[in-house]
Amino acid sequence: MRYAEYQIARTFLIRADHGAELISFIGKVARENDIKVATFTAIGALKSAKLGYYDQEKHEYREISINSSCELANCLGNISLKDGQPFVHAHAVLADENGDAKAGHLVEGIVFAVEVFLQELKGSKLERQPDGVTGLALWEL
Amino acid sequence: MRYAEYQIARTFLIRADHGAELISFIGKVARENDIKVATFTAIGALKSAKLGYYDQEKHEYREISINSSCELANCLGNISLKDGQPFVHAHAVLADENGDAKAGHLVEGIVFAVEVFLQELKGSKLERQPDGVTGLALWEL
Amino acid sequence: MRYAEYQIARTFLIRADHGAELISFIGKVARENDIKVATFTAIGALKSAKLGYYDQEKHEYREISINSSCELANCLGNISLKDGQPFVHAHAVLADENGDAKAGHLVEGIVFAVEVFLQELKGSKLERQPDGVTGLALWEL
């Protein structure tokens, strides 16, 4: 089993900038605050989004475009290092005007209004490395 | 960028009252324990619910009624002040008997059985104020 | 109202084993580390899954089989004791190649790649006991 113990360090409540792209925005907060490992949750609303679905056979992402405004019903993510830089990995559930849900890997989301709760973790270095079995960049633990 | 650093204070595990309305219930826990800033997650099952979708053009919520029992597949929320009082903001994903999902802002949810994990945060005052751009009450940070 | 205060103890980042069953895997991590109370979140992708919907009238679970690979868009869960042993309770939102979501109680999920953030809690004993009203095993608080 691969896991490591961390200590909770700084905790942030963040109001994402209206019009910003959420994944880049969280990455910017991480770089500005020298955050290397973290987990976060977010709720709010997006103007548009792109979700990803990973094809486990072909080892490639398919993109699903959401070209209308939607609720960000749920977003869970984490920050770790990839190529030495803070890398944001997030999944999300979006909902349209009828409450119908689309979900997946959050490739991009344009912020209407989003509230983020981010917890920095301190401990051993957490870096993503290519994994041959899945074709993904996974945590070296 | 607007964000503030908080310290994790008290942590609660809560079994919501059967038949209670979840948002009010969490507000009551907050008032009883003098909680002013917090984040929480919840899972369980609801007897019925109302979801909200925010119309980003008209600046008003549409309500989506779920008049049957459902799984509370996911609920993320936070507590901050609004008009000086603890205010609960939550989003949820609900699932019917076929696993089909409805999601959005959780306006109300009648508890069948719900488990809540709540983390109080200490730090600077966190108050919602009307935001002209979105028409929402957003965190002053 | 039924709730108890806990202290955050150890925090783990976990890379679930490829091919493992997620609920059992988290239970194994709990037993190996003598974890009796915890909350966790997870994101990733599953090879297949079984979701549950609790029939609130008949007091029984219906099972929903997902026989294809899917994104684990969201997973929230907790660990408490049941019959004296660590018991994992989790709910999940899954997404197919079109982003369409299925959600509910996570009965089982075969891991393609899953990242888990687990927070151990210390405090009074947390044990599930049969609840006559719902037919579920709920926290004694």
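About the criteria used
- Residues numbered from 1 in each chain as written.
- Chains lettered and ligands numbered in written order.
- Predicted model: local features only at pLDDT ≥ 70, side-chain atom pairs only at ≥ 80, totals over all residues.
- Heavy atoms only, no water.
- Least-squares fit on C-alpha atoms with pLDDT ≥ 70 in both.
- Contact = heavy atoms within 4.5 Å.
- Buried < 20%, exposed > 50% of the residue type's maximum accessible area, 1.4 Å probe, protein only.
- Helix = DSSP H or I, 4+ residues; strand = E, 2+ residues; numbered from the N terminus.
- Pairing = 2+ DSSP bridges.
- Phe/Tyr/Trp six-rings, centres within 6.5 Å; stacked < 30°, edge-to-face > 60°.
- Buried area = accessible area lost by both parts, 1.4 Å probe.
- Nonpolar A, V, L, I, M, F, W, Y, C, P; charged D, E, K, R; others polar.
- 1 Å grid on protein atoms, 1.4 Å probe; cavity = no way out; pocket = protein on both sides within 12 Å on 5 of 7 lines; lining within 4 Å.
- Points joined across faces, edges and corners; volume = space filled by probe spheres on them.
- Salt bridge = Lys/Arg side-chain N within 4 Å of Asp/Glu carboxyl O.
- Polar contact = N/O pair within 3.5 Å; in protein donor to acceptor, adjacent residues only side chain to side chain.

Chemist: Sorry if this is basic, but what is going on with the relation of the copies chain A and chain B here?
Modeler: Note: a rotation about an axis with an accompanying shift along it relates these two copies of the chain. Rotating chain A by 120 degrees and translating it 0.0 Å along the rotation axis places it on chain B, where the RMSD comes to 0.0 Å. Here the transformation between the copies is reduced to the relation of a three-fold axis. No C-alpha of chain A lies nearer the rotation axis than that of A:Ala101, which sits 3.4 Å from it. Looking at chain A, a mere 14% of its interface residues are interface residues in chain B too, so the copies touch through different faces.

Chemist: Which parts of the structure should I look at to understand the pairing of strand β6 (residues 101–123) of chain A?
Modeler: Along any regular strand, the residues point their side chains to alternate faces of the sheet. Residue and element names in this part refer to chain A. Among the 23 residues of β6, 17 are classified as buried, and the element is accordingly described as predominantly covered. Here strand β1 (residues 2–15) pairs with β6 via eight bridges, running antiparallel. In the sheet register, Phe12 faces β6, and the bridge partner there is Leu118. Looking at chain direction, strand β2 (residues 38–55) and β6 are connected through 14 bridges and run antiparallel. Among the inter-strand pairings, Ser48 is bridged to a residue of β6, identified as Ile110. From the end of strand β5 (residues 85–95) to the start of β6, which pair antiparallel, there are five residues, and Gly99 there has a positive phi angle of about 85 degrees.

Chemist: Is there a simple way to think about the packing of aromatic side chains in this case?
Modeler: Aromatic ring pairs are defined here through the distance separating the ring centres and the angle between the ring planes. Per the stated rule, a full pass over the model turns up nine aromatic pairs over all chains. Ring geometry for A:Tyr3 and C:Phe12: centres 5.8 Å apart, planes at 80 degrees, overall edge-to-face. Residue A:Tyr3 is located in strand β1, and its partner C:Phe12 is located in strand β1 (residues 2–15); the two belong to separate chains. The class for A:Tyr3 is partly exposed, based on a relative accessible area of 22%. The class for C:Phe12 is buried, based on a relative accessible area of 2%. An aromatic cluster is defined as three or more aromatic residues linked by ring pairs; in this entry it consists of A:Tyr54, A:Tyr61 and C:Phe112.

Chemist: I tried to follow the interface of chain A and chain B on my own but got confused; where do I start?
Modeler: You'll often see interface size given as the accessible area lost when the parts meet. With 43 residues of chain A at the interface, the matching set in chain B holds 41 residues. For the pairing of chain A and chain B, the buried interface totals around 3,500 Å² over both sides, and the portion due to carbon and sulfur atoms is 60%. Of all the secondary structure elements, the ones that give two or more residues to the side of chain A that touches chain B are β1, α1 (22–32), β2, β4 (70–82), β5 and β6 of chain A. Residues that form the side of chain A that touches chain B fall into these classes: 22 nonpolar, ten polar and eleven charged. Looking at chain direction, β1(A) and strand β1 (residues 2–15) of chain B are connected through five bridges and run antiparallel. Within β1(B), the position partnered with A:Phe12 by the bridge is B:Glu5.

Chemist: Sorry, what's going on with empty space enclosed by the protein here?
Modeler: It is the rolling of a water-molecule-sized probe over the atoms that shows where space remains empty. Tallied over the entire structure, the rule returns one cavity of 30 Å³ or more. Within this model, the largest cavity holds a volume of roughly 510 Å³. Lining the largest cavity are 42 residues, and of these A:Thr41, A:Leu76, B:Thr41, B:Leu76 and C:Thr41 lie nearest its centre. Tallied by class, the residues present in the lining of the largest cavity amount to 24 nonpolar, 15 polar and three charged.

Chemist: Can you walk me through the interface of chain B and chain C in this structure?
Modeler: Taken together, the 42 residues of chain B in the interface contact 41 residues of chain C. Between chain B and chain C we count four salt bridges in total. Here B:Glu115 ties to C:Arg128 by a salt bridge, and the two come within 2.8 Å at their closest N and O atoms. Linking chain B with chain C are 18 residue pairs in polar contact (both at pLDDT 80 or more), by the criterion used here.

Chemist: I would appreciate a short explanation of the environment of C:Leu141 in the present structure.
Modeler: As for its placement among the helices and strands, C:Leu141 is situated in the segment after β8 (137–139). C:Leu141 gets classed as partly exposed once you look at its relative accessible area, which sits at 30%. Taking the C-alpha atoms as reference points, C:Leu141 and C:Arg2, separated by 139 residues in sequence, lie 5.2 Å from one another. Apart from residues no more than four positions distant in its own chain, C:Leu141 is found in contact with B:Leu13, B:Ile14, B:Arg15, C:Arg2, C:Tyr3, C:Ala4, C:Tyr6 and C:Leu126.

Chemist: How do you make sense of the pattern of salt bridges when you look at a structure like this?
Modeler: Any two side chains of opposite charge can pair, given that their charged atoms come close. Counted under the stated rule, the structure contains 27 salt bridges over all chains. Among the salt bridges present, the one from B:Arg62 reaches A:Glu97, with a minimum N-O distance of 3.1 Å. Placement of the pair is B:Arg62 in strand β3 (residues 60–66) and A:Glu97 in the loop between β5 and β6, with the two residues belonging to separate chains. Assessed through its relative accessible area of 34%, B:Arg62 is described here as partly exposed. Note that A:Glu127 and A:Lys125 form a salt bridge whose closest N and O atoms lie 3.3 Å from each other.

The analysis is restricted to geometry; functional conclusions fall outside its scope.
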